[in-house]
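Structure assessment
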Amino acid sequence: MQKGKANNVYDYLILTEKKTEYDAFVTALGGETGTFNGHTFIQAHSQGHLLELDEPENMVMPALKEKYHVWDLKNLPWDLNDFNWHKVVKKDNKTGKPAAYAVNLLKNIKKASQQARAIVIATDTDETTGEGELLAWEIINYIGWRGPVYREYHDDESSEAIRRAMADLHDVSDPQKDGWFVKGTVRQRWDFGSMPLTDVIRHFSAFKCHQELCQTSLLRGSLSGST
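Residues numbered from 1 in each chain as written. Predicted model: local features only at pLDDT ≥ 70, side-chain atom pairs only at ≥ 80, totals over all residues. Heavy atoms only, no water.

A few words now on the overall build of the chain. Counting its regular elements, the chain contains six helices and eight strands. Going from N to C terminus, the chain has its helices and strands arranged as β-α-β-β-β-α-β-α-β-α-β-α-β-α. Across the 227 residues of the chain, 39% fall into the buried class. Sequence separation of at least 24 residues holds for 72% of the intrachain contacts in the chain that already meet a minimum separation of 6. Taken as a whole, the chain presents about 13300 Å² of accessible surface, with 54% of it coming from carbon and sulfur. (Helix = DSSP H or I, 4+ residues; strand = E, 2+ residues; numbered from the N terminus. Buried < 20%, exposed > 50% of the residue type's maximum accessible area, 1.4 Å probe, protein only. Contact = heavy atoms within 4.5 Å. Areas by Shrake-Rupley, 256 points an atom, 1.4 Å probe, with all protein chains shown as cover.)

Set out below in structure tokens:
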């Protein structure tokens, strides 16, 4: 029996961001399951973000639903303290329902996690944006994981870089002490809070355009009437 594995329980679930990254880790570590550096592992992958923020009106108290459901200049700017930041499975753009690929991947990841003692975040190392960290923690929180979480920091997807990173894991079990997660969360909420500003710009651009069209029409009418 492999060390650290009993009754199909592995030391680590290695969670990668996408299939190509998953394939690189499988190559580097010698399989979808196996042993590396004295620890057994099983691997699973995401496909980018599998979750997204819910609609604004669904993230506030009932008394505020109308305020955030209808776009109105008088309700701007948004008070970000009103939101609970609830996330839902990523939707299919055509049907508006949870995307089948996201549902299936989340099921696969949760099933794999039930066979593991700890999760290793092996998503993209986005130090600037924290994007890889954010999408990993979205999944970890969604599946209800309560065990240890580690992070490996691979420089690239070469086998050498992956093995080097997997031999130097960092405990990030508290997401609020995971700087990249905090950075990704702040950026996402800033983007969300900025959405109304885009609508304002669009609104006034359309208004200005309408005014210019009216002025052009009036000018043409005036010139036409003077001949």
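That was the structure; now back to the text.
Next up on the list: helix H1 (residues 19-29). Restricting attention to buried positions, one finds in H1 the residues Glu21, Tyr22, Ala24, Phe25, Val26, Ala28 and Leu29. Each element contacted by the buried residues of H1 is listed here: strand S1 (10-16), strand S2 (33-36), strand S3 (39-45), strand S6 (116-122) and helix H5 (159-166). Just downstream of H1 lies Gly30, where phi reads positive at about 90°.

Bringing the layout of surface pockets into the picture now. Here the largest pocket defines a volume of roughly 270 Å³. Lining the largest pocket are 16 residues, with Trp85, Lys87, Asn141, Phe181 and Arg189 positioned closest to its centre. Of all elements in the fold, only strand S4 (51-53), helix H4 (131-142) and helix H6 (179-225) reach the threshold of two or more residues within the lining of the largest pocket. Top contributing element to the lining of the largest pocket by residue count: H6, with six residues. Here the lining of the largest pocket is composed, by residue class, of nine nonpolar, four polar and three charged. (1 Å grid on protein atoms, 1.4 Å probe; cavity = no way out; pocket = protein on both sides within 12 Å on 5 of 7 lines; lining within 4 Å. Points joined across faces, edges and corners; volume = space filled by probe spheres on them. Nonpolar A, V, L, I, M, F, W, Y, C, P; charged D, E, K, R; others polar.)

Strands sit in the order S2-S3-S1-S6-S7-S8 across an open sheet of six strands; the sheet is mixed. With one partner strand each, in any of the chains shown, S2 and strand S8 (170-171) form the two edges of the open sheet. Pairing of S1 with S6, which is carried by six bridges, proceeds in the parallel orientation. Residue pairing in the sheet places Tyr10 in a bridge with Ala116 of S6. Contacts between helix H3 (residues 100-113) and the sheet are confined to S1, S3 and S6, with S3 contributing the most and set at about 170° to the helix. (Pairing = 2+ DSSP bridges. Axes fitted to C-alpha atoms, helices over the stretch in contact; angles between N-to-C directions.)

Let us look at the nonpolar core. Leu13, Leu50, Ile109 and Ile139 are the most contacted members of the largest nonpolar core, which totals 28 residues. Counting residues per element, the ones that place at least two in this core are S1, S3, H3, S6 and H4. In terms of residues, this core owes the most to one element, H4, which gives six residues. Other than its neighbours up to four places away in sequence, Ile139 contacts Leu15, Ser46, Leu50, Leu51, Leu106 and Ile109. (Core = buried A, V, L, I, M, F, W, Y, C linked by side-chain atoms within 4.5 Å.)

Turning our attention to H4. The end-to-end C-alpha distance of H4, which contains 12 residues, comes to 17 Å, matching closely the 16 Å that a straight helix rising 1.5 Å per residue would cover. For H4, the tally of buried residues reaches nine of 12 residues, placing the bulk of the element in the interior. Residues of H4 that are buried include every one of Gly132, Glu133, Leu134, Leu135, Ala136, Trp137, Glu138, Ile139 and Ile140, and no others. One or two positions beyond H4, positive phi appears at Gly144, with a value near 75°. (Expected span 1.5 Å × (residues − 1).)

Moving on: the pairing of S1. In terms of residue burial, S1 counts as a mostly covered element, since seven of its seven residues are buried. The pairing of S1 with S3 spans five bridges and is classified as parallel. Paired with Thr16 across the strands is His45, a residue of S3.

Under the criterion given, the structure shown has 10 aromatic pairs. A centroid spacing of 6.0 Å and a plane angle of 55° characterise the contact between Trp137 and Phe181, whose relative ring orientation is tilted. Highlighted residues: Trp137 in helix H4 and Phe181 in helix H6, separated in sequence by 44 residues. Here a set of aromatic residues connected by ring pairs shows up, and it is made of Tyr68, Trp78, Phe83, Trp85 and Phe192. (Phe/Tyr/Trp six-rings, centres within 6.5 Å; stacked < 30°, edge-to-face > 60°.)

By themselves these figures say nothing about function.
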